[in-house]
Amino acid sequence: MRSPFRPLKVPDPGILDDHRALVRRIERRGLLRGGLSLGALTMLTGCDVTDTSAVGRALRAMSDFNDGVQAALFDPRKLAPEYPGSQVLKPPRFNAYYDVEDVKPIDGDAWRLELAGLISDKRPWTRRRIAELPEREIIIRHVCVEGWDYIGQWSGVPLRAFLERVGADLTAKYVAFKTADDYPSSIDMATALHPQTLLATRYAREELPDPYGYPLRLRMAVKLGYKNPKWITVIEVTNTYPGGYWESRGFGWFAGL
Ligand SMILES: Nc1nc2c(c(=O)[nH]1)N[C@H]1C(S)=C(S)[C@@H](COP(=O)(O)O)O[C@H]1N2
Ligand SMILES: [Mo]
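Residues numbered from 1 in each chain as written. Chains lettered and ligands numbered in written order. Predicted model: local features only at pLDDT ≥ 70, side-chain atom pairs only at ≥ 80, totals over all residues. Heavy atoms only, no water.

Any chance you could explain the pairing of strand β2 (residues 136-144) here in plain terms?
Side-chain positions along a regular strand alternate between the two faces of the sheet. In terms of strand pairing, β2 meets strand β3 (residues 148-158) through 9 bridges, oriented antiparallel. Bridge pairing in β3 links Ile139 to Gln153. The loop that links β2 with its antiparallel partner β3 comprises 3 residues; one of these, Gly147, has a positive phi angle of about 105 degrees. (Pairing = 2+ DSSP bridges. Helix = DSSP H or I, 4+ residues; strand = E, 2+ residues; numbered from the N terminus.)

I keep staring at the nonpolar core and nothing clicks. Help me out?
Soluble globular proteins tend to pack their nonpolar side chains together in the buried interior. Counting 66 residues, the largest nonpolar core has Leu113, Phe162, Leu163, Val175, Phe177, Leu199 and Ile235 as the members making the most contacts within it. If you count residues domain by domain, this core takes at least three from each of domain 1 (13-73) and domain 2 (85-249). If near-sequence neighbours (up to four positions away) are discounted, Phe162 is found in contact with Leu113, Leu115, Trp125, Leu133, Val157, Leu199 and Ile235. (Core = buried A, V, L, I, M, F, W, Y, C linked by side-chain atoms within 4.5 Å. Buried < 20%, exposed > 50% of the residue type's maximum accessible area, 1.4 Å probe, protein only. Domains from an automatic or database assignment. Contact = heavy atoms within 4.5 Å.)

Can you help me understand the pairing of strand β5 (residues 185-188) in this one?
Here β5 shows no split at all, with Ser185 and Ile187 on one side and Ser186 and Asp188 on the other all buried. Examined bridge by bridge, strand β4 (residues 174-179) and β5 share 4 bridges and lie antiparallel to one another. Along β5, the bridge assignment pairs Val175 with Ile187. Two successive antiparallel strands, β4 and β5, enclose a turn made up of 5 residues, where Asp182 displays a positive phi of approximately 55 degrees.

Sorry if this is basic, but what is going on with the sheet that holds strand β9 (residues 232-238) here?
Pairing between the strands of a sheet comes from backbone hydrogen bonds, and it takes one of two forms, parallel or antiparallel. Within the open sheet, the 4 strands sit side by side as β1-β9-β4-β5. Their pairing is mixed. Here the strands that pair on one side only, and so sit at the sheet edges, are β1 (114-117) and β5. Across the sheet, the mean angle separating the axes of adjacent strands is 20 degrees when strand polarity is ignored. Relative to β9, β1 is paired through 4 bridges, and the arrangement is parallel. When the bridges of β9 are listed, Glu114 appears paired with Val234. (Axes fitted to C-alpha atoms, helices over the stretch in contact; angles between N-to-C directions.)

Geometric values such as these leave the question of function open.
Given below as structure tokens:
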């Protein structure tokens, strides 16, 4: 069984004051829509928000989501920082809403990627056909709101190239994802078309290991960790707000907060 979502503790109202400078820095950069409420902060840490150091770590992760990323976030022609291969973490750090022992590996031969919504060619894709698409490799920083990060090396077809190939309506608002572990997720079209947004099939040039989303996961340079669904089974293009797993539990939708 997967561990259920942790029940939240009653937040201590003083905690925002303790981190006023960090909160202001994050808000100035526009990462937060509508300001950081105590409720959002509670969800942000996913842990006991009376634990000042945990809150501090989470806020610092947001704040360290650096200026290069911010530039790319708001101007689709700008790129987020990329890093040398020597900095790549092997293996990558795992996270999900359950423990790594509870990951259910996908049978890659039986797996199909299904398409839905505003897409003209909705034929499902096999792993073999996806492997024939042109690839790009990016070495980018993954930032989780829990307050940790790592540099990872991802390759796969740019989501833009894939959407063009299947005749998606690129003027639609959202690209939504369904996954094998019931972790719905969605992004804005500008991010979907960003050159550093990939449908990744490999990490450090090896086939994605099961815990990291085999056979197909999303990797973006301009969104926080939780916006990057693993074990994708369905891609849908839509104008109806699709939300997502953490978004329906209080996290922001746009940049991650
Ligand atoms: N399908 C699925 N994708 C997911 C999650 C999840 O629970 N299920 N967790 C997200 C979170 S919070 C993070 S930080 C990253 C972790 O990715 P990694 O294990 O490759 O580092 O995956 C994201 N994508
Ligand atoms: Mo995360």
